[in-house]
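Architecture and fold: a report
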Amino acid sequence: MRPSELLRTTSFRLAVSYLAVFIVSSAAVAAFVSWSAALLIEHQVQDVVDLEAGGLSDRYREHGVSGLAEMISERLRQDSDRRSVYLLLGPDGIRLAGNLYGWPSRQAEADGWVKFTAERIGDRLPAAEVMARAYSLPEGYDLMVGRVLIDAKRVDKAINRALVWGLGFTIILGMLGAFISARQLVQRVDSMSKTAHSIISGDMKSRMELSGSRDEFDRLAQSFNEMMDEIERLVESIRTVTDNIAHDLRTPLTRLRSRIDVALLEDTGAKELREAMEAAIQDADRLLGTFNAVLAISQAESGARLNRFEVLDPSVLAQDVAELYEPLAQEKNQVLSVRVEKALKISGDRHLLFQTLANVVDNSVKYTPCGGHIEISAVKSGDGVVVAVADSGPGIPHSERERVLERFVRLDATRTSPGNGLGLSLVRAVADLHGADLSLEDNDPGLRLSLTFPKLTNAR
Amino acid sequence: MRILLIEDDLEAAATMVRGLKELGHSVEHAATGTDGLALAQRGGHDVWIVDRMLPGMDGLAVIGALRAKGVRIPALVLSALGKVDDRVEGLKAGGDDYLVKPYAFAELVARIEALGRRLGTEAAQETKLKAEDLEMDLLTRTVTRGGKDLDLQPREFRLLEYLMRNAGQVVTRTMLLENVWEYHFDPQTNLIDVHISRLRQKVDKDFKVSLIQTVRGSGYMLRASV
């Protein structure tokens, strides 16, 4: 990965902007600390100066100007940290005592305080910043008492140094961190996009790697992988269906074609031609039937019918289906009975459910021998509703039960009877659409197919 | 019947026009939605057949535009394979019946003839239906033939009622399922035939003339009194 690419990553940009915010805010904090430290120091200086001035004024009251001058000289001698500043001027402006060369040119505030830079007598150090207060004594004498503000400067310097070093470290570490995290993220995103590209170029089996840290990228990768599993399953099922359609429609189409071919070839009369055409129409109708069945299944599977769901009573469906199939069952001397409870409610598409139930009953009537019995039931079970069709037919062997739900699968025993092998796949698709559990059980003898519908919720 | 066909598949349209003309209908054909709308506005049709997917203007939009102008001519909506069969949407837009491709031509004919008839009969709220010597009283729910009472189950009554309302016209098995049982579904077996043969047992068995006739490749027809 090129560094320029790294600089463009979101995580790097984030880190840099955090860093900028951090620098600005630490500078602000440092400025505030330095300002308040300076203020504190000035206050301390003022306290000390006021205290000293108090002592000096006592002295002045007791011993006059000469006593004051003496005390100033005494104090300057004893001044160990060399920070005191004094200046006593006579009415003629002549310095009587103190360590300043002259009165500061700067005008004092109303309360007498003044800040200025000056050199001190007997001090080989360069000029220093002084905070001092001017006092006017009677008879034209002027007194100034102050202290060098050397401390404030030192504190400022310390704070600035800390700030510069601290920020320097922060910037270096921050940039390093930003680079490292950006690189890690870019590597993970790269690996994801590599996977996506390999899927685009046809490798449906490719999946994203998980780091195992269960972070947001892992969650994203997990969702992506689940999505791919589902897509792969759908693609696989579409492929199977297409193969099956191709296979199962080719046979009747070929038959249809050859029927027409033969009718045209021979020197057939109008009557025979007509019969052949009618047979051809029947073939075509069967094909249309298969088409419609496939269409119904894919509609159920796509969930396109969900918006047509309504609350309905499955016992009414059961009775309607029974009523529709009763004559057919009677033709085979079968007993078709209905066992339903009252006031059942499920949410669903009544046309689809009716078609589904009809498919199941159709199978039962078809495969149950003459004199057998078929029962359609709709009863409460726990919170849900079980709709079942049980017959006394040959049943479906355990090993085949999963297979018969697939599209176009017809058990060998049934190959010769009419049908397209789509009936039970529709049942399964419709069951899935309705969130119902589909199960095939032994009815000893026979088959019991049941659909367990979930409790009706208000959500739909 | 004067039929307006709006269908962009020219080959299919040609077959339909030929078939419908052969059955004695006059057919006008438009290949786009806008042409169809123009023809429909000129008037003079008993039934419209409108394909849903049309270049220029969607079939449902054509019907919607005409309905908005208060034109009440019955419309049969054709929907293509692959399109989600949204009957409700089609009927909401002002269609009167809905047929999904692929369909059998006989089915189409039966449906448009039923639509054409609906126009005439809808207004009259009959209480009695009559076909030859068969009489049905819708209020007392009784049926007599030649003065003899027929004992029909409720569903048989509705089946016969539908046949009588459409007497002299072909009704298909799916039409019977939709109108008598009120389910849209595709019976794979000879389900309806069995019901019809039961009805025949009661209606025709003891009489010389069979009223319920099978139309090969299409469905059934009740003989109408001329």
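Each chain carries its own residue numbering, running from 1 in the direction its sequence is written. Here chains are named by letter from A upward and ligands by number from 1 upward, in the order in which they appear as written. Since the coordinates come from a predicted model, pLDDT governs what is reported: local features require at least 70, and pairs of side-chain atoms require 80 or more to be given and counted, while whole-chain, interface and lining totals use all residues. Heavy atoms throughout the structure, all of them, feed into the side-chain values; hydrogens and water do not.

1. A short note on empty space enclosed by the protein
Residues and elements named next belong to chain A. Basically, it comes down to this: Cavity means a closed set of points on a 1 Å grid over the protein atoms alone, one where a 1.4 Å probe fits but cannot get out, pocket means an open set with protein on both sides within 12 Å along at least 5 of 7 lines, and lining means a residue has an atom within 4 Å of a point. Grid points are joined across faces, edges and corners, and a volume is the space filled by probe spheres set on the points. Only DSSP runs of H or I with at least four residues qualify as helices, and only runs of E with at least two residues qualify as strands; both kinds are numbered from the N terminus onward. Classification convention: Asp, Glu, Lys, Arg as charged; Ala, Val, Leu, Ile, Met, Phe, Trp, Tyr, Cys, Pro as nonpolar; all other residues, Gly among them, as polar.
Under the defined criterion, the tally for this structure stands at one cavity of 30 Å³ or more. Reported here for the largest cavity is a volume of approximately 60 Å³. Around the largest cavity, the lining residues are Pro314, Leu317, Ile346, Leu353, Leu357, Val387, Leu451 and Phe453. When contributions to the lining of the largest cavity are tallied by element, the ones reaching two or more residues are α6 (314-331), α7 (350-367) and β12 (447-453). Residue composition of the lining of the largest cavity, by class: eight nonpolar, no polar and no charged.

2. Here we look at a nonpolar patch on the surface
Residue and element names in this part refer to chain A. What counts here: Nonpolar side chains (Val, Leu, Ile, Met, Phe, Trp, Tyr) within 5 Å and like charges within 9 Å form the patches, drawn only from residues with over 30% relative accessible area and no salt bridge. With residues, only the protein chains shown are counted as cover, and all accessible areas are computed by Shrake-Rupley using a 1.4 Å probe. Salt-bridge detection follows one rule: a side-chain nitrogen of Lys or Arg within 4 Å of a carboxyl oxygen of Asp or Glu. Using a 1.4 Å probe on the protein chains alone, a residue whose accessible area is under 20% of its type maximum counts as buried, one over 50% counts as exposed, and one in between counts as partly exposed.
A cluster of nonpolar side chains, Val29, Phe32, Val33, Trp35 and Leu39, forms an exposed patch at the surface whose accessible area comes to about 500 Å². Its location among the elements puts Phe32 in helix α2 (residues 10-78). Given a relative accessible area of 53%, Phe32 falls into the exposed group.

3. Observations concerning the pattern of salt bridges
Under the definition given, this model contains 38 salt bridges over all chains. For Arg274 of chain A, the salt bridge goes to Glu278 of chain A, with nearest N and O atoms at 3.7 Å. On the criterion of helical spacing, the pair formed by Arg274 of chain A and Glu278 of chain A is a turn pair, its members being four residues apart in helix α5 (residues 270-302). As a salt-bridge pair, Asp193 of chain B and Arg173 of chain B come within 2.7 Å of each other at their nearest N and O atoms. With Asp193 of chain B in helix α8 (residues 191-203) and Arg173 of chain B in helix α7 (residues 173-181), this pair connects stretches of sequence that are 20 residues apart. Within this structure, Lys205, Arg207, Asp229 and Glu232 of chain A form a network of salt bridges that share partners.

4. Quick notes on the interface of chain B and chain A
What counts is decided by this rule: Residue contacts are counted whenever heavy atoms from the two residues lie within 4.5 Å of one another. We define buried area as the total accessible area lost by two parts upon association, computed with a 1.4 Å probe and summed across both. Between N or O atoms, a polar contact is any pair within 3.5 Å; within protein, one atom must be a potential hydrogen donor and the other a potential acceptor, and residues adjacent in sequence are included only when both atoms are from side chains.
Contact residues are listed per partner, giving 28 residues for chain B and 29 residues for chain A. Between chain B and chain A the total buried area reaches about 2,700 Å² when both faces are included, carbon and sulfur atoms providing 56% of it. Looking at the side of chain B facing chain A, the largest losses of area belong to Tyr183, Phe185 and Arg198 of chain B, adding up to 23% of the total buried there. Here chain B is connected to chain A by three salt bridges. Here Arg155 of chain B makes a salt bridge to Glu323 of chain A, at a shortest N to O gap of 2.9 Å. Counting across the chain B and chain A interface gives eight residue pairs in polar contact (both at pLDDT 80 or more). With four residues, the single largest contributor to the side of chain B that touches chain A is α8 of chain B. Considering only residue class, the side of chain B that touches chain A consists of 13 nonpolar, six polar and nine charged.

5. A look at the side chain of Ser450 of chain A
Residues and elements named next belong to chain A. Its location among the elements puts Ser450 in strand β12. Residue Ser450 is classed as buried on the basis of its relative accessible area of 3%. Excluding anything up to four places from it in sequence, Ser450 contacts Val386, Val387, Ala388, Asp437, Leu438, Ser439 and Glu441.

6. Notes on α7 of chain A
Using the following cut-off: To estimate how far a helix should reach, multiply one less than its number of residues by 1.5 Å.
Between its first and last C-alpha atoms α7 of chain A spans 26 Å; for 18 residues at 1.5 Å apiece the expected length is 26 Å, and the two agree. Two or three places before His351 of chain A, at the opening of α7 of chain A, Asp349 of chain A has a side-chain oxygen 3.0 Å from that residue's backbone nitrogen.

7. Overview of the confidence of the model for chain B
Residues and elements named next belong to chain B. The cut-off we apply is this: For every residue, the predictor assigns a confidence score, pLDDT, that lies between 0 and 100.
Mean pLDDT over chain B works out to 85, with 92% of the residues at or above the 70 mark. When mean pLDDT is taken per element in chain B, strand β3 (residues 47-51) scores highest with 93 and helix α4 (residues 87-92) scores lowest with 76. Across the whole predicted complex the pTM is 0.59, and at the interface the ipTM reaches 0.73.

8. Considering the sheet that holds strand β3 (residues 113-118) of chain A
All names here are of chain A. Test applied: By this definition, two strands are paired if DSSP reports at least two bridges between them. Convention adopted: a line fitted to C-alpha atoms gives each axis, helices being fitted over their contacting stretch, and angles between N-to-C directions are expressed from 0 to 180 degrees.
Read from one edge of the open sheet, five strands run β2-β1-β5-β4-β3, paired in antiparallel fashion. Here the strands that pair on one side only, and so sit at the sheet edges, are β2 (95-98) and β3. Adjacent strand axes in the sheet meet at a mean angle of 25 degrees when their direction is disregarded. Where strand β1 (residues 84-89) and β2 come together, three bridges link them in antiparallel fashion. Note that in β2 the partner of Leu87 across the bridge is Gly98.

9. Some points on the nonpolar core
This is how the line gets drawn: What is meant by a nonpolar core is a set of buried Ala, Val, Leu, Ile, Met, Phe, Trp, Tyr and Cys residues, joined one to another through side-chain atoms within 4.5 Å.
Counting residues in hydrophobic clusters, the biggest one holds 83 residues, and the most contacted among them are Tyr325 of chain A together with Leu160 and Leu176 of chain B. Residues within four places of Leu176 of chain B in sequence aside, it is in contact with Leu159, Tyr162, Val171, Trp181, Ile192, Ile196 and Tyr220 of chain B.

10. A few points about the sheet that holds strand β1 (residues 2-6) of chain B
Residue and element names in this part refer to chain B. Strand order across the open sheet formed by five strands is β2-β1-β3-β4-β5, with parallel pairing between neighbours. Taken across any chain shown, the strands that pair with only one partner, and hence form the sheet edges, are β2 (26-30) and β5 (97-100). Ignoring strand direction, the axes of neighbouring strands in this sheet form an average angle of 20 degrees. Judged from the four bridges that link them, β1 and β3 form a sheet pairing that is parallel. Its bridge partner being in β3, Leu5 is matched across the sheet by Ile49. Packed on one face of the sheet, helix α2 (residues 33-42) meets β1, β2 and β3 and runs near 140 degrees to β2. Where helix α3 (residues 59-68) meets the sheet, its contacts fall on β1, β3 and β4 (75-79), and the angle it forms with β3 comes to roughly 145 degrees.

11. Details of the pairing of strand β6 (residues 128-131) of chain B
Moving residue by residue along a regular strand, the side chains alternate between the two faces of the sheet. Residues and elements named next belong to chain B. The alternating pattern of β6 places Leu129 and Ala131 on a buried face and Lys128 and Lys130 on a face that is not buried. Of the strand pairs in this sheet, β6 and strand β7 (residues 134-137) are connected by four bridges, and their pairing is antiparallel. What sits directly across from Lys130, in β7, is Glu135. Linking β6 to β7, which pair antiparallel, is a turn of two residues; within it Glu132 sits at a positive phi near 50 degrees.

12. A few points about helix α4 (residues 216-265) of chain A
All names here are of chain A. The condition is simple: Take the seven residues that end at a residue and the seven that start at it, fit an axis to each, and the angle between those axes is the bend at that residue.
Compared with the 74 Å implied by 1.5 Å per residue over 50 residues, the 71 Å span of α4 between its first and last C-alpha is a close match. At Arg250, α4 shows its strongest bend, of approximately 30 degrees, with the proline Pro252 following within four residues. Along α4, the positions that sit buried rather than exposed are Phe217, Asp218, Ala221, Phe224, Asn225, Met228, Glu232, Val241, Leu249, Pro252, Leu256 and Ala263.

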